[in-house]
Amino acid sequence: MHPYPQNFFLVYTYSRSIVFLLFALVFVRSLTAQPDLFASQQVITSLATGAVSVYATDLDGDGDRDVLSASNDDKIAWYENDGQENFIIENIISIDLTGLQSIFPTDVDNDGDTDVLFATFYDDKIAWFDNNGQGGFESLYTISTSADGVYSVYASDINGDGFMDVLSASGIDDNICWYENDGAGGFGPQQIIANIAGGAWSVYSADLDRDGDSDVISASIGIRLITWFENDGLGSFS
């Protein structure tokens with residue numbers, strides 16, 4: 001006599017089929033399911049008409065990240081984070097920057113707070129606003145008016161002295177340049193890295209060859225190129 005009931009193998013085979021089918025369904029679902037990575041949209045402001053640039057950084061020194069914006073209504077403003085990701089008050093830094101193209105937050109004068117670097121296209125101005133440490137910006141300092149048609153600014157320690165120098169990309173003179181910071185927010189003359197960057201649109205800095213210094217990356221809209229320039233560690237570029 002067989003030790004198992006007559007229908008045992010039928011039930012066993014049927015159960016295995018069900019288990020396999022369930023496993024297949026779970027596997028396929030895991031491949032096709034889209035995780036909910038973000039919650040619903042949260043509007044910070046609708047007052048920045050024609051916003052062109054935005055950054056998150058701690059501007060008032062309270063330990064949380066505020067939001068900084070530049071917009072085509074000639075305005076740089078920041079929005080205070082209350083610590084609960086609520087942004088209620090618009091704090092205007094300036095409202096008369098015609099042709100405002102780019103902003104970048106960095107400690108320009110080495111005093112421990114985050115200042116605001118910016119560029120305006122029509123008057124070729126690269127300048128910065130000094131932060132009083134609590135998000136107040138009253139003093140304006142011009143770095144240069146030599147770059148013709150500035151589209152982008154960035155800050156990085158180019159010559160390895162520990163201070164944040166300034167980079168610019170200008171689309172009319174096709175230049176990628178840098179300006180040396182003396183450590184207190186004063187800057188030397190324009191130093192051209194490249195003047196063949198047709199329609200220079202954007203500039204950035206990173207150590208691409210892992211030799212410990214800041215190389216320079218640029219994007220040129222006219223010649224459709226992404227290019228990088230190797231820093232020798234002292235601010236000279238190949």
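What counts, and at which threshold
- Residues numbered from 1 in each chain as written.
- Predicted model: local features only at pLDDT ≥ 70, side-chain atom pairs only at ≥ 80, totals over all residues.
- Heavy atoms only, no water.
- Core = buried A, V, L, I, M, F, W, Y, C linked by side-chain atoms within 4.5 Å.
- Buried < 20%, exposed > 50% of the residue type's maximum accessible area, 1.4 Å probe, protein only.
- Helix = DSSP H or I, 4+ residues; strand = E, 2+ residues; numbered from the N terminus.
- Contact = heavy atoms within 4.5 Å.
- Phe/Tyr/Trp six-rings, centres within 6.5 Å; stacked < 30°, edge-to-face > 60°.

### Section: the nonpolar core
Next up, step 1: By size, the foremost hydrophobic cluster in this structure holds 29 residues, and its most contacted members are Leu117, Ile126 and Val216.
Next up, step 2: For this core, the secondary structure elements donating two or more residues are β6 (115–120), β7 (125–131), β9 (150–156), β10 (165–170), β11 (175–179), β12 (191–194) and β13 (200–206).
Next up, step 3: The contact partners of Val216, leaving out residues within four places of it in the chain, are Ile158, Leu167, Ile176, Ile193, Val203, Tyr204, Thr227, Trp228, Phe229 and Phe237.
Next up, step 4: Core analysis: the next-biggest nonpolar cluster, separate from the first, contains 14 residues, Leu68, Ile93, Phe118 and Ala127 among them.

### With respect to the packing of aromatic side chains
Aromatic rings in a pair are described by how distant their centres are and how their planes are angled relative to each other.
Next up, step 1: Counting across every chain of the model gives eight aromatic pairs.
Next up, step 2: A ring pair is formed by Tyr154 and Tyr204, whose centres lie 4.7 Å apart and whose planes are at 45 degrees; its orientation type is tilted. Residue Tyr154 is located in strand β9, and its partner Tyr204 is located in strand β13; the two are separated by 50 residues in the primary sequence.
Next up, step 3: Judged by its relative accessible area of 43%, Tyr204 falls in the partly exposed class.
Next up, step 4: Members of the aromatic cluster, each reached through a chain of ring pairs, are Tyr55, Phe104, Tyr154 and Tyr204.

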